Amino acid sequence: MLTMTELRSTFPRAGKVEWIGLRPARREAVQSVPEIEVLEGLGLLGDHGKTAQTKLGGSGKRQVTLIQAEYLPVIAALAGLAQVTPELLRRNFLVSGISLLALKDRRFQLGEVILEGTGECHPCSRMEENLGAGGYNAVRGHGGLTARVIQGGWVRLGDPVSPLL
């Protein structure tokens, strides 16, 4: 029988980056991009005004946000919608094939980038605007993961998502 530590370290396969979203400014529409440069200790280059010259500050627990592709049909069903697109949820990365919650409090890799899962990505009041009445509650428990950037680099569509030992 496996211990809880062993069970938490067992992943049947790598995940995959399905979509990348860039939010150029607060409350602006999310742009879908095929690749993005991620800056160590900061987040996505160009996301909410982040530049290579931006000074680091704060705890940085929410430098990057991720959500699972498998959650989109669940959120749509709970919101009473035919479908939900990742742009509506305003996250940076949509990934499939791996449990994001299992990456909380551990390091993992997307393409060239190494992230550390820092917590669950709870919904904001914008979900009511984007998904309609009840949108906030539809996303609760399905909002994905926040992460800090340990090592910068590039992430491209189709890149693997893998836990690090």
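Scroll up to find the structure this text is about.
Described in the following lines is the structure provided in the data block. Residue numbers restart at each chain and count upward from 1, following the sequence in its written direction. Given that this is a predicted model, residues contribute local features only at a pLDDT of at least 70 and side-chain atom pairs are listed and counted only at 80 or more, while totals for whole chains, interfaces and linings are drawn from all residues. Hydrogen atoms and water are omitted, and side-chain values are computed over all heavy atoms in the structure.

Description of the overall build of the protein chain
And then number 1: Secondary structure elements are defined from DSSP: runs of H or I of at least 4 residues count as helices, runs of E of at least 2 residues count as strands, and each element is numbered from the N terminus. Across its full length, the protein chain carries five helices and eleven strands.
And then number 2: Computation of the radius of gyration draws on C-alpha atoms, with the globule rule given as 2.2 Å multiplied by the number of residues to the power 0.38. Here the C-alpha atoms of the protein chain give a radius of gyration of 15 Å, agreeing with the 15 Å that 2.2 N^0.38 yields for 165 residues.
And then number 3: Summarising its shape, the C-alpha atoms of the protein chain cover approximately 45 × 45 × 30 Å along the three principal directions.
And then number 4: Restricting to contacts in the protein chain with at least 6 residues of sequence separation, those with at least 24 account for 73%.
And then number 5: Values of accessible area rely on a 1.4 Å probe in the Shrake-Rupley scheme; residue burial ignores everything except the protein chains shown. Roughly 8,600 Å² of accessible area belongs to the protein chain as shown, and the carbon and sulfur atoms make up 53% of that amount.
And then number 6: Charge assignment in this entry is limited to Lys and Arg as positive and Asp and Glu as negative, and neither His nor the chain termini are counted. Taken as the charge location is NZ of Lys, CZ of Arg, CG of Asp or CD of Glu. Side-chain charges of the protein chain comprise 19 positive and 16 negative groups, with the mean position of each set lying 6 Å from the other. In what follows, a contact means two residues having at least one pair of non-hydrogen atoms within 4.5 Å.

Things to note about the nonpolar core
And then number 1: Counting residues in each nonpolar core, the largest one holds 24 residues, and the members touching the most others are Leu 66 and Phe 93.
And then number 2: With residues near it in sequence (within four places) discarded, Leu 66 still touches Arg 91, Phe 93, Val 95, Leu 100, Phe 108, Leu 110, Leu 115, Gly 143, Gly 144, Leu 145 and Ala 147.
And then number 3: In terms of nonpolar packing, the next biggest core, distinct from the first, is built from 15 residues, Leu 94, Met 127, Ala 138 and Val 139 among them. Residues belong to one nonpolar core when they are buried, are Ala, Val, Leu, Ile, Met, Phe, Trp, Tyr or Cys, and are joined through side-chain atoms within 4.5 Å. Burial classes: relative accessible area under 20% of the type maximum marks a residue as buried, over 50% as exposed, and values in between as partly exposed (1.4 Å probe, protein chains only).

Section: the environment of Arg 62
And then number 1: Note that Arg 62 resides in the loop between strand E4 (43-44) and strand E5 (64-68).
And then number 2: Residue contacts for Arg 62: discarding those within four places in its chain leaves Cys 121, His 122, Thr 146 and Ala 147.

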